[in-house]
Amino acid sequence: MAASKRQRATPDTAPVQTESRPGWSFWQTAAALLGSLILVFEIYGPALSGPFLLDDGYQFFGRPDVAYMSLSHWLNNVRPLLNLSFYINYQLSGTNTTSYHVVNVALHWVNALLCFFILRRLLRAVAPEAAPGWRSDLAPLAAASLFLLHPVQTESVAYISSRSELLSVMPAYAALLLFLTRPEAAIGWARAAAVILLFGTAVLSKEHAAALPAVLLLADLFFHPDGPLRGIKANWRLYAPLAAAATLGLSFVWKTLSRTTSAGFQLAGLTWYEYFFTQWRMFWNYLRLTVLPIGLNADPDIALSHTAFEHGAIIGGLAIVALLAAAFVFRRRFPLAAFGVFTFVVLLAPTSSVVPIRDLFAERRLYLPMIGLLCIALEGLRRLNSRQTGTLAAIAVGLLGASYLTWQRAHVWAGAIPLWSDTVAKSPNKYRPRFQYAFALYQDHRCSEAAEQYEKTAALETQPGEQLYVDWALALDCAGRLDEAAAKLEQASRAIPSVLVYVNLAMIYGKSGRNEQALAALDKAEQLNPRFAQVHAFRGNIYFSQQKPEAAAAAYRKALSFDPANQAALHGLRALGAQ
């Protein structure tokens with residue numbers, strides 16, 4: 001940033017053209033757009049037919065009653081715009097995942113374009129003398145390409161539920177671009193309204209976008225031609241209503257946190273200060289993965305810092321303070337890098353500060369704040385000589401390397417078994433990835449392997465839950481080891497008696513011809529929950545096998561009185577009618 005106001009470079013100052021050389025031609029632009037679109041779809045191609053993974057099963061499209069849900073049901077959610085996009089996908093292709101993945105990749109490509117225009121505008125703010133053309137655009141083009149091709153973005157793009165990242169970032173980046181490209185130093189009413197509308201759209205897609213107003217303030221603090229205070233005052237048309245909108249946004253976020261079981265101050269076993277201390281370390285993990293994307297992991301095993309000194313959290317916290325201090329001290333010499341540091345911290349804060357989230361670390365949380373890191377990269381890239389062949393070759397090699405790593409990572413996200421086997425290899429002592437790996441093997445009918453993984457999963461928990469016992473027994477059943485399956489459920493019934501355990505125990509007994517024991521197990525299940533339809537459906541099956549048609553029909557009808565769509569009961573009644 002120049003010392004005087006007259007020389008200060010800003011996004012509000014039109015770039016000074018020192019040559020009459022033209023900018024990008026139509027064909028150059030078309031080739032760049034089409035080439036980048038083809039490239040990103042090729043790189044993510046291995047994951048385009050990937051199944052629903054992780055939390056996808058908890059989305060509306062993963063629910064068994066999805067066919068009966070109206071649009072209003074989809075929209076009655078904390079993220080209505082996100083669910084609207086999923087609703088459109090479901091109407092187009094049902095549960096065929098390809099259309100979901102295609103939309104995710106397309107959104108990612110659009111976000112990369114927005115990155116390019118934001119970075120180009122910021123570059124022209126600090127270097128207004130650059131002539132238009134591909135050489136002057138090389139630095140923002142390289143940085144935006146890194147956003148498009150970086151392997152750390154794979155989780156945000158290949159994981160369908162991470163569309164919340166993609167869909168919130170698109171209007172957030174569009175709002176920032178609209179703010180930076182205003183024709184006058186003071187924003188007009190129409191543009192201010194458009195920025196606020198985009199801000200609201202971003203928050204309705206994912207709550208972390210509530211941090212966007214702080215980035216707009218930073219842009220004025222760093223780049224306004226009349227200085228930071230006058231810049232903020234000049235843009236009162238935006239900041240006054242934005243303050244009200246931000247207040248509504250924060251209240252919306254607070255309401256959302258009160259309704260979720262995966263985040264918020266009400267989480268059991270995780271305090272805000274423990275999460276805060278841990279995030280001092282995770283901050284540097286995020287930076288490390290950006291610079292050296294090795295060891296990417298869908299479910300990393302992170303140790304919690306219960307105090308500021310545990311696991312060296314204090315060192316990470318002090319290093320963050322030092323980084324912010326350095327950015328402030330060198331803000332005039334390296335304005336883009338300094339702005340990038342503050343922007344990264346601000347945009348990472350909603351998910352990585354004091355609001356506890358069950359997952360202590362997630363690669364997808366880098367997606368929104370990545371623009372800050374790209375500004376830091378842009379500071380270095382703009383100082384390279386774009387006329388040297390070595391510079392162009394180094395950038396090309398770097399982007400090709402990133403593309404290859406992303407393509408490799410897309411293969412990991414192409415299926416449940418490759419994803420969870422990779423995760424188990426990197427987090428061998430964590431319960432969730434081991435459990436998910438076992439379940440993926442069971443779904444692939446590799447039942448003996450699944451049973452072995454369930455056994456290893458049980459060893460990681462002092463008190464395994466009912467779901468583990470049930471799934472373990474089902475894997476043993478699938479492997480033809482009925483006695484072991486029954487023994488496992490009998491063990492579960494003594495430790496954690498539940499309807500689920502007794503119903504599955506009755507099923508195993510029934511397969512073994514132990515009908516009286518099966519009926520006894522169903523009696524215990526009914527005592528725990530007399531309205532559970534599957535209890536009565538299974539009882540009907542046993543009576544059917546004992547050639548007691550009247551008792552079987554009565555049991556099936558009772559099941560349908562609690563669940564009219566129960567397939568076991570409907571099938572049983574049809575079978576009785578055929579006799």
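Just above, that's the structure.
Keep in mind the model is a prediction, meaning the values are calculated, not measured.

Let us now look at the overall build of the protein chain. Each helix and strand counted, the protein chain has 26 helices and zero strands in total. Each principal axis of the C-alpha atoms in the protein chain carries an extent, and together these give about 95 × 50 × 45 Å. For the protein chain, the proportion of its 579 residues judged to be buried stands at 50%. In the protein chain, 71% of the contacts between residues at least 6 apart in sequence involve partners at least 24 apart. Here the protein chain has roughly 26,400 Å² of accessible surface; of this, 62% comes from carbon and sulfur atoms. Of the side chains in the protein chain, 49 bear a positive and 38 a negative charge, and the two mean positions are spaced by 10 Å.

Below, the discussion takes up the nonpolar core. Judged by nonpolar contacts, the single largest core of 156 residues is most densely connected at Trp 74, Tyr 173, Leu 238 and Phe 339. If we skip the residues at most four places from it in the chain, Phe 339 touches Leu 122, Val 215, Leu 218, Ala 219, Phe 222, Phe 223 and Cys 375. Of all hydrophobic cores here, the second largest spans seven residues; its members include Leu 267, Leu 270, Leu 304 and Leu 360.

What follows covers the side chain of Ser 352. Counting through the fold element by element, Ser 352 comes out in the loop between helix H14 (335-348) and helix H15 (370-381). Ignoring any residue separated from it by four or fewer positions in sequence, one finds Ser 352 in contact with Tyr 275, Gln 279 and Tyr 286.

This part takes up the pattern of salt bridges. Tallied over the full model, the rule gives 22 salt bridges. The shortest N-O distance in the salt bridge between Asp 137 and Arg 120 comes to 3.3 Å. One end of the pair, Asp 137, is in the loop between helix H4 (98-126) and helix H5 (138-149); the other, Arg 120, is in helix H4, with 17 residues separating them in the sequence. For Asp 137, a relative accessible area of 1% corresponds to the buried category.

We now examine unusual backbone geometry. Although it is not a glycine, His 311 adopts a positive phi angle of roughly 60°. By the element assignment, His 311 lies in the loop between helix H12 (272-291) and helix H13 (313-329). A positive phi angle, close to 65°, is found at His 445, a residue other than glycine.

Here Ser 168 is to be found in helix H7 (residues 163-180). The residues touching Ser 168, leaving out its near neighbours within four places in the chain, are Arg 163, Ala 202, Ser 205, Lys 206 and His 208.

Definitions and cut-offs
- Residues numbered from 1 in each chain as written.
- Predicted model: local features only at pLDDT ≥ 70, side-chain atom pairs only at ≥ 80, totals over all residues.
- Heavy atoms only, no water.
- Helix = DSSP H or I, 4+ residues; strand = E, 2+ residues; numbered from the N terminus.
- Buried < 20%, exposed > 50% of the residue type's maximum accessible area, 1.4 Å probe, protein only.
- Contact = heavy atoms within 4.5 Å.
- Areas by Shrake-Rupley, 256 points an atom, 1.4 Å probe, with all protein chains shown as cover.
- Lys, Arg positive; Asp, Glu negative; His and termini not counted.
- Charge placed at Lys NZ, Arg CZ, Asp CG, Glu CD.
- Core = buried A, V, L, I, M, F, W, Y, C linked by side-chain atoms within 4.5 Å.
- Salt bridge = Lys/Arg side-chain N within 4 Å of Asp/Glu carboxyl O.

Limitation: the analysis is restricted to geometry and does not speak to function.
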